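Residue-level structural notes
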Amino acid sequence: MNENEDYFRISKNGNIHTLSDRIPFNWKELMIWTSASFIFLIWFLGIGVGIFIAILTLIGYTIYRFASWIYYTELKIDEQTGKITRLKKILDRTQKTELIACKFDPNRFEYSELTRSGKTKFLMNYRTHKNNELLILKNKADKELIEKYITEKITVL
C-alpha cells in the first residue's frame, strides 16, 4: 500500500507502517510553476525588474523544494512490537532516532488546530508523558484520512 499526498506519504512494509513528511521533488511541477511565475512577473513588473525577481523566486523555490526533499521525518509504527519511532532523515540516512512509545494506542493521537496566514492546518500529536508533535497536516481531509488509516489499518498484536 502506498498513498501519495502533497505533504505526507503513508506506506506499509510487512508489519511496519510508515508516515513520512517527505515532499517529492518533481521537476515537471517545478518547471511549470517557475515558467508561470516568470511570465506573470515580467508582465506585471516589466522586463528588467520582472526577470530579476523571477530569477530570485526560481532560486528560492528550488532551494525550498530541494531542502524539503532532502531533510524529512518518518514515523514508524510496528504492529508486532507496538513501538512508535520517529526518524529524522537526510538523504535516506537516519540522523536521529527517537522512541515515542513502546506500546501503540490509537486513542493517544490528538489533532490541534493551527491557524496560519488565514489557513487552518492540523498538528498531529501523540500523548505520552510528554507531547510528541509528529506531523503538520494541511487540511481537514488529510487529518480525516490519517485518522481513518490509523484506526482501520493499524492493529497491534
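Higher on the page you've got the structure.
What you are looking at is a predicted structure, and each value in this text was computed from that prediction instead of being measured. (Residues numbered from 1 in each chain as written. Predicted model: local features only at pLDDT ≥ 70, side-chain atom pairs only at ≥ 80, totals over all residues. Heavy atoms only, no water.)

**Structural notes on the overall build of the chain**
Applied cut-off: Secondary structure elements follow DSSP: runs of H or I no shorter than four residues count as helices, runs of E no shorter than two count as strands, and numbering proceeds from the N terminus. Think of it in three bands: residues with accessible area under 20% of the maximum for their type are buried, residues over 50% are exposed, and the middle band is partly exposed, with areas taken using a 1.4 Å probe on protein chains only. By definition in these notes, contact holds between two residues if any of their heavy atoms fall within 4.5 Å. To measure how exposed things are, a 1.4 Å probe is used in the Shrake-Rupley method; for residues, cover is taken only from the protein chains shown.
When you go through the chain residue by residue, the secondary structure sums to three helices and nine strands. Viewed in the frame of its principal axes, the chain has a C-alpha envelope of about 65 × 35 × 30 Å. The proportion of buried residues among the 157 residues of the chain is 34%. Put simply, 42% of the contacts in the chain that link residues at least 6 apart link residues at least 24 apart. For the chain, the accessible surface area stands at approximately 9900 Å², while carbon and sulfur atoms represent 57% of it.

**Describing the side chain of Glu74**
As a reminder, the rule being used: Any pair of nitrogen or oxygen atoms within 3.5 Å is treated as a polar contact; in protein, a donor-acceptor pairing is required on top of that, and neighbouring residues in sequence qualify only through side-chain atoms on both sides.
By the secondary structure assignment, Glu74 is in strand β4 (residues 71-78). Judged by relative accessible area, which is 11%, Glu74 ranks as buried. There is a polar contact of 3.4 Å between the side chain of Glu74 and the side chain of Lys76. Those residues in contact with Glu74 that sit more than four places away from it in its chain are Thr18, Leu19, Ser20, Thr85, Arg86, Leu87 and Lys89.

**Considering the side chain of Arg86**
Along the chain, the position of Arg86 falls in strand β5 (residues 84-90). The buried category is assigned to Arg86, whose relative accessible area is 10%. Side-chain polar atoms of Arg86 contact the backbone oxygen of Glu133, separated by 2.6 Å. Once residues lying within four places of it in the same chain are set aside, the contact partners of Arg86 are Thr73, Glu74, Lys96, Thr97, Glu98, Ile100, Asn132, Glu133 and Leu134.

**Some points on the sheet that holds strand β9 (residues 131-137)**
Note the cut-off: Pairs of strands are assigned from DSSP output, requiring at least two bridges between the strands. Think of each axis as a best-fit line through the C-alpha atoms, taken over the contacting stretch in the case of a helix, with angles from 0 to 180 degrees between the N-to-C directions.
The strand order β7-β8-β9 describes an open sheet built from three strands, whose pairing is antiparallel. Looking at strand neighbours, the two that pair on one side only are β7 (109-116) and β9, the edges of this open sheet. Averaged over all adjacent pairs, the angle separating strand axes in this sheet is 30°, with direction ignored. Relative to β9, strand β8 (residues 119-127) runs antiparallel, the two sharing six bridges.

**Details of the packing of aromatic side chains**
The relation between two aromatic rings is expressed through the spacing of the ring centres and the mutual angle of the planes. Operational definition: Pairing of aromatic rings covers Phe, Tyr and Trp, the last counted by its six-membered ring, and requires centre-to-centre distances within 6.5 Å; plane angles under 30 degrees mean stacked, over 60 mean edge-to-face, and any other angle means tilted. In our convention, an over-ring charge means Lys NZ or Arg CZ found within 6 Å of a ring centre and within 35 degrees of that ring's normal.
In total, this model carries six aromatic pairs according to the counting rule given. Where Tyr61 meets Tyr64, the ring centres are 6.5 Å apart and the plane angle is 40°; that geometry is what we call tilted. On the criterion of helical spacing, the pair formed by Tyr61 and Tyr64 is a turn pair, its members being three residues apart in helix α2 (residues 47-70). Ring geometry for Phe109 against Tyr126: centres 4.9 Å apart, planes inclined by 70°, an arrangement best described as edge-to-face. Placement of Phe109 in strand β7 and of Tyr126 in strand β8 is noted, with a sequence separation of 17 residues between them. Both residues of the pair, Phe109 and Tyr126, count as buried. Here a set of aromatic residues connected by ring pairs shows up, and it is made of Phe40, Trp43 and Phe44. Sitting over the face of the ring of Phe122, Lys143 holds its NZ or CZ atom 5.4 Å from the ring centroid.

From the geometry alone we can't say anything about function, so treat these as descriptive.
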